[in-house]
Amino acid sequence: MGSLFRSEEMSLCQLFLQSEAAYACVSELGELGLVQFRDLNPDVNAFQRKFVNEVRRCDEMERKLRYLEKEIKKDGIPMLDTGESPEAPQPREMIDLEATFEKLENELREVNQNAEALKRNYLELTELKHILRKTQVFFDEQEGGMHTTESMTRALITDESRTGKAMGPVQLGFLEKSQDTEEYLPCFVAGVILRERLPAFERMLWRACRGNVFLRQAMIEDPLEDPSNGDKVYKSVFIIFFQGDQLKTRVKKICEGFRATLYPCPEAPTDRREMAMGVMTRIEDLHTVLGQTQDHRHRVLVAAAKNLKNWFVKVRKIKAIYHTLNLFNLDVTQKCLIAECWVPLLDFETIQIALRRGTERSGSSVPPILNRMETFEDPPTYNRTNKFTHAFQALINAYGVASYREMNPAPYTIITFPFLFAVMFGDLGHGTIMALFGLWMVLKEKPLAAKKSDNEIWNIFFGGRYIIFLMGVFSMYTGFVYNDIFSKSLKVFNSAWVINYNTSTVMTNKALQLDPKGLDYAQTPYPFGLDPVWQVAGPNKIIFQNAYKMKISIIFGVIHMLFGVFVGLFNHRYFKNKMAIYCEFIPQVIFLVFLFFYMTLLMFIKWVKYSASSKEIAFSEGCAPSILITFINMVLFKPAETTSKDCSPFMFAGQEGIQKFLVVVALLCVPWMLLAKPILIMRSRKEAANGDADGLNQHNAPANQGGQQPAQQGGGHGHDNEEMSEIFIHQGIHTIEYVLGSVSHTASYLRLWALSLAHAQLAEVLWNMVLQNGLKQDGWIGGIALWAVFAFWAVLTVGILVLMEGLSAFLHTLRLHWVEFQSKFYAGLGYAFQPFSFEVILDSSSGSSED
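Residues numbered from 1 in each chain as written. Predicted model: local features only at pLDDT ≥ 70, side-chain atom pairs only at ≥ 80, totals over all residues. Heavy atoms only, no water.

J.: I'd like a description of the overall build of the protein chain, backed by residues and values.
T.: Assigned secondary structure in the protein chain consists of 25 helices and 13 strands. Burial analysis of the protein chain (851 residues in total) assigns 44% to the buried set. Pairs at least 24 residues apart make up 82% of the contacts formed inside the protein chain by residues separated by at least 6 positions. Carbon together with sulfur atoms contributes 59% to the accessible area of the protein chain, which is approximately 45600 Å² in total. (Helix = DSSP H or I, 4+ residues; strand = E, 2+ residues; numbered from the N terminus. Buried < 20%, exposed > 50% of the residue type's maximum accessible area, 1.4 Å probe, protein only. Contact = heavy atoms within 4.5 Å. Areas by Shrake-Rupley, 256 points an atom, 1.4 Å probe, with all protein chains shown as cover.)

Okay, structure coming up:
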């Protein structure tokens with residue numbers, strides 16, 4: 001848990017591995033996930049590194065596995081996922097895996113090719129079957145000899161340009177004698193075409209052949225399967241009658257252009273009948289062969305699906321290992337690999353044990369060597385997290401990764417984030433909905449995590465399930481304090497107020513008020529939270545809650561900012577930066593306490609000292625001075641004003657003198673923050689310039705082992721490379737930012753009050769304008785109306801008040817932490833520790849493969 005408050009101590013190490021043991025050792029480190037390797041070959045091209053061939057082999061194996069996965073998903077076969085992660089195979093096992101994948105791919109491709117060829121033959125036979133059936137109708141019209149019907153007159157072809165005579169009628173389907181070859185040629189063609197191309201096809205035939213063709217077509221009712229992609233297509237059968245080989249050539253070219261498939265069609269009915277019987281026989285045989293082929297393909301894919309997940313894990317681990325080995329250097333003897341890596345000091349022994357285990361697995365007799373190095377380089381930031389703290393740490397890292405060994409805001413955010421959210425979202429009913437949703441995700445996290453959804457919004461909700469649960473629980477608490485549940489109140493305890501009016505007066509007169517000085521008030525406060533009587537107080541309700549929530553927001557804000565300044569003190573003490581303590585922390589605390597914390601004290605004094613039943617007139621409710629006006633007069637040195645001669649403008653004796661003293665000291669802190677640090681740095685440089693050489697050498701001593709930042713003793717360390725003008729400018733910027741930011745940040749916390757008020761008013765609007773209408777109806781009609789109105793109200797409540805208002809409150813809370821809180825101590829200039837981890841690699845790979 002210590003690393004949650006401050007990042008782990010890291011050390012830069014040099015690792016020596018024997019070539020034979022390097023693979024096994026890196027595999028063990030990948031399972032451990034505690035070592036971040038550095039690239040020792042930054043100038044070497046990726047294609048010129050030592051293990052590039054092995055990486056290419058892994059890429060090829062991944063390609064084959066993705067092909068298998070695609071085919072398995074196409075058939076809807078479930079892939080076995082045991083959730084276990086097999087160890088990385090030995091290098092010699094790569095050959096066996098490659099052979100297995102090669103065999104599976106070749107077998108599957110051959111089966112697919114055979115299946116596609118069979119489907120194509122099946123399609124052709126099916127189309128021929130439909131042609132034989134449909135054209136039979138066309139030829140049946142010719143029964144009765146040479147009789148030519150009116151529908152066949154377009155088949156009469158004249159050739160007046162060549163013979164000067166009109167040719168007689170030609171019976172459709174008969175043979176025509178060619179004038180060139182003296183052979184008899186068929187005067188019709190039959191085929192199939194896509195249904196959507198048929199109109200254009202018919203127009204083209206008419207225009208290209210000048211109306212000297214006769215086209216008949218019929219639709220195929222059932223869709224046919226395209227063997228190339230498996231899509232269902234609709235086609236039509238056509239038969240074209242013409243006369244002459246010239247028209248035949250023209251018709252065939254048009255059919256080819258429209259991708260129509262032509263089939264032979266006998267003219268004699270007996271020939272067509274025999275061909276149809278042969279086609280049906282071949283279709284049945286093909287159907288049987290196709291079924292056997294599909295069964296064989298299914299068996300191959302089922303066998304592959306059992307091991308596919310494990311194969312992916314093994315190949316990705318092998319590839320990750322060789323990628324990591326490409327970061328290493330070879331020594332001159334080519335027998336040793338040299339690496340540099342960042343390791344947590346607490347895990348140094350664990351890493352050495354893993355290296356020894358890898359050496360034993362490889363059978364090497366040379367032990368690995370892990371040496372710590374000295375460096376001035378900033379180490380990476382590593383905060384250990386678990387499934388609970390990971391989401392809060394992610395919120396902090398979204399702003400910026402902490403500098404090395406800087407105080408981590410995450411553990412404080414675990415409490416302050418849901419609490420400040422709940423101040424804006426305080427409603428017992430809405431908080432319960434949110435808490436139940438978060439609790440459901442927490443209890444079902446294992447099965448939900450195993451599904452690995454691609455929905456980005458769901459992944460965000462699931463990743464922040466513990467945050468959502470805590471926000472809901474804290475909202476239930478603040479809702480109980482506000483005594484607010486769906487804009488209504490709970491009477492847990494007896495009210496401290498007594499209504500002495502009759503019912504009719506209360507129901508008709510909305511301007512009635514209760515007198516706290518009389519018998520209406522029992523002079524004892526409500527045990528916990530707000531008295532439920534305020535829910536029916538009418539005009540008084542919003543006035544009272546506004547004043548209450550506004551003051552509470554300022555109090556929480558000042559305490560939150562003060563806490564951030566004190567957290568910065570731990571940073572200064574850890575890095576031994578005494579200059580920052582004396583020149584920044586102390587004046588910052590004085591400025592914030594003497595002005596804004598004093599204002600919060602006035603609020604508590606006003607709450608305690610002034611009351612409606614006070615016996616002293618000066619401290620009665622009407623004489624209570626305004627905190628805001630008092631604070632403005634205090635800063636401007638204006639005399640206090642009173643509303644009445646009987647009222648005292650001060651809350652306690654000596655208030656005016658104390659306020660002047662506080663303002664003067666706070667104003668003196670501004671030049672203190674502005675000039676003290678640059679003057680001390682300038683003085684330390686003069687002393688260093690006049691000092692002896694030993695002092696200079698000691699000043700420039702290297703960083704301690706493990707990469708920790710050098711200790712800052714307050715003598716200008718860390719600013720040696722900066723010009724004095726830059727130091728003055730930077731210090732001026734920080735001073736102005738802090739002074740003005742203290743004002744703006746304090747006002748920024750008023751968003752707690754504003755959003756809380758908006759949330760309560762929206763809930764009240766939904767109740768009065770939606771659900772209340774359903775409660776006014778009587779009888780069975782009222783029951784139906786209430787059911788419909790309640791459904792509408794529930795949808796609006798969840799969609800607007802829980803989701804939209806919840807998101808708004810979440811973003812405002814995030815801003816309060818990033819800007820108002822973390823700006824007081826958090827630099828966030830580090831870079832994250834990214835260890836070589838199989839778990840991280842496999843998670844990212846599975847996500848990318850699913851996409």
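J.: Give a description of the confidence of the model for the protein chain that names residues and reports values.
T.: In this model, the protein chain carries an average pLDDT of 85, and 88% of its residues clear a pLDDT of 70 or more. Taken together, the stretch residues 144–176 has pLDDT below 50 and engages in 51 contacts with residues farther than four places along the chain or on a different chain. Across residues 692–717, where pLDDT falls below 50, the model places 46 contacts with residues more than four positions away in sequence or in other chains. (pLDDT = per-residue confidence, 0-100.)

J.: For the pairing of strand β12 (residues 336–344), give the residues involved together with the corresponding values.
T.: One face of the sheet, then the other: side chains in a regular strand alternate in exactly this way. Taking burial as the measure, the nine residues of β12 include nine buried ones, the bulk of the element. Residues Cys-336, Ile-338, Glu-340, Trp-342 and Pro-344 of β12 are buried on one face, and the alternating residues Leu-337, Ala-339, Cys-341 and Val-343, pointing to the opposite face, are buried as well. Note that strand β1 (residues 10–18) and β12 share nine bridges and pair antiparallel. Counted as the bridge partner of Leu-12 is Trp-342 from β12. (Pairing = 2+ DSSP bridges.)

J.: Tell me what's going on with the pattern of salt bridges, and back it up with residues and numbers.
T.: If you walk through the whole model with that rule in mind, you get 30 salt bridges. One salt bridge connects Glu-445 with Arg-465, and the closest N-O pair in it is separated by 2.9 Å. Highlighted residues: Glu-445 in helix α13 (residues 445–451) and Arg-465 in helix α15 (residues 465–482), separated in sequence by 20 residues. For the pair Glu-445 and Arg-465, a shared accessibility class is recorded, and that class is buried. As a salt-bridge pair, Lys-541 and Glu-764 come within 3.5 Å of each other at their nearest N and O atoms. With Lys-541 in helix α17 (residues 539–574) and Glu-764 in helix α23 (residues 751–775), the pair connects residues that are 223 residues apart, well separated along the chain. Taking the relative accessible area as the measure of exposure, Lys-541 reaches 11% and is therefore buried. For Glu-764, a relative accessible area of 25% gives the class partly exposed. The network of salt bridges with shared partners includes Asp-59, Glu-62, Arg-316 and Lys-319. (Salt bridge = Lys/Arg side-chain N within 4 Å of Asp/Glu carboxyl O.)

J.: Just give me the short version of the nonpolar core, but keep the residues and values in it.
T.: The tendency in soluble globular proteins is for nonpolar side chains to be buried side by side. Core analysis: the biggest nonpolar cluster contains 59 residues, and Phe-591, Leu-595 and Phe-596 have the highest contact counts within it. In terms of residue count, the dominant contributor to this core is helix α18 (residues 578–609) (11 residues). Once you skip the residues sitting within four places of it in the chain, Phe-596 turns out to touch Val-558, Phe-591, Phe-631, Ser-742, Val-743 and Thr-746. Grouped together as the second largest cluster of nonpolar side chains are 58 residues, Val-26, Leu-68, Leu-97 and Leu-308 included. (Core = buried A, V, L, I, M, F, W, Y, C linked by side-chain atoms within 4.5 Å.)

J.: Account for the packing of aromatic side chains, naming residues and giving values.
T.: Applying the stated criterion to the full structure yields 43 aromatic pairs. Seen in terms of ring centroids, Phe-419 and Phe-556 are 5.1 Å apart; in terms of plane orientation they differ by 75°. Their pairing is edge-to-face. Here Phe-419, found in helix α11 (residues 410–424), pairs with Phe-556, found in helix α17; they are 137 residues apart in sequence, far enough to count as distant. Taking relative accessible area as the criterion, Phe-556 reaches 24% and is therefore assigned partly exposed. Members of the aromatic cluster, connected to one another through ring pairs, are Phe-5, Tyr-399, Tyr-412, Phe-563, Trp-818, Phe-821, Phe-825 and Tyr-826. Its guanidinium or amino end placed over the ring of Tyr-574, Arg-6 lies 4.4 Å from that ring's centre, counting from NZ or CZ. Across from the ring centre of Phe-462, 4.3 Å away, lies the NZ or CZ of Arg-465, which sits over that ring. (Phe/Tyr/Trp six-rings, centres within 6.5 Å; stacked < 30°, edge-to-face > 60°. Lys NZ or Arg CZ within 6 Å of the ring centre and 35° of its normal.)

J.: Hey, could you go over the sheet that holds strand β10 (residues 261–263) for me, with residue numbers and the actual values?
T.: Across a sheet, strands are paired by hydrogen bonds formed along the backbone, either parallel or antiparallel in direction. Pairing is antiparallel in the open sheet, where four strands are placed in the order β6-β9-β5-β10. With partners counted over all chains shown, the strands left at the sheet margins are β6 (214–219) and β10, one partner each. Going across the sheet, the axis of each strand differs from the next one's by a mean of 25°, ignoring polarity. Direction of pairing for strand β5 (residues 188–194) relative to β10: antiparallel, over a ladder of three bridges. Bridge pairing in β10 places Ala-190 opposite Tyr-263. The strands that helix α6 (residues 245–257) touches are β5, β9 (235–241) and β10; relative to β9, the one it contacts most, it runs at about 165°. (Axes fitted to C-alpha atoms, helices over the stretch in contact; angles between N-to-C directions.)

J.: For the packing of α23 against helix α24 (residues 779–821), give the residues involved together with the corresponding values.
T.: In a packed pair of helices, the relevant descriptors are the angle between the two axes and the axis-to-axis distance. Here α23 crosses α24 at 170°, and the two axes come no closer than 9 Å. Judged on the interaxial angle alone, α24 and α23 are roughly antiparallel. Grouping the amino acids of the contact of α23 with α24 by side-chain chemistry returns 18 nonpolar, six polar and three charged. (Parallel < 35°, antiparallel > 145°, perpendicular 65-115°, else oblique. Nonpolar A, V, L, I, M, F, W, Y, C, P; charged D, E, K, R; others polar.)

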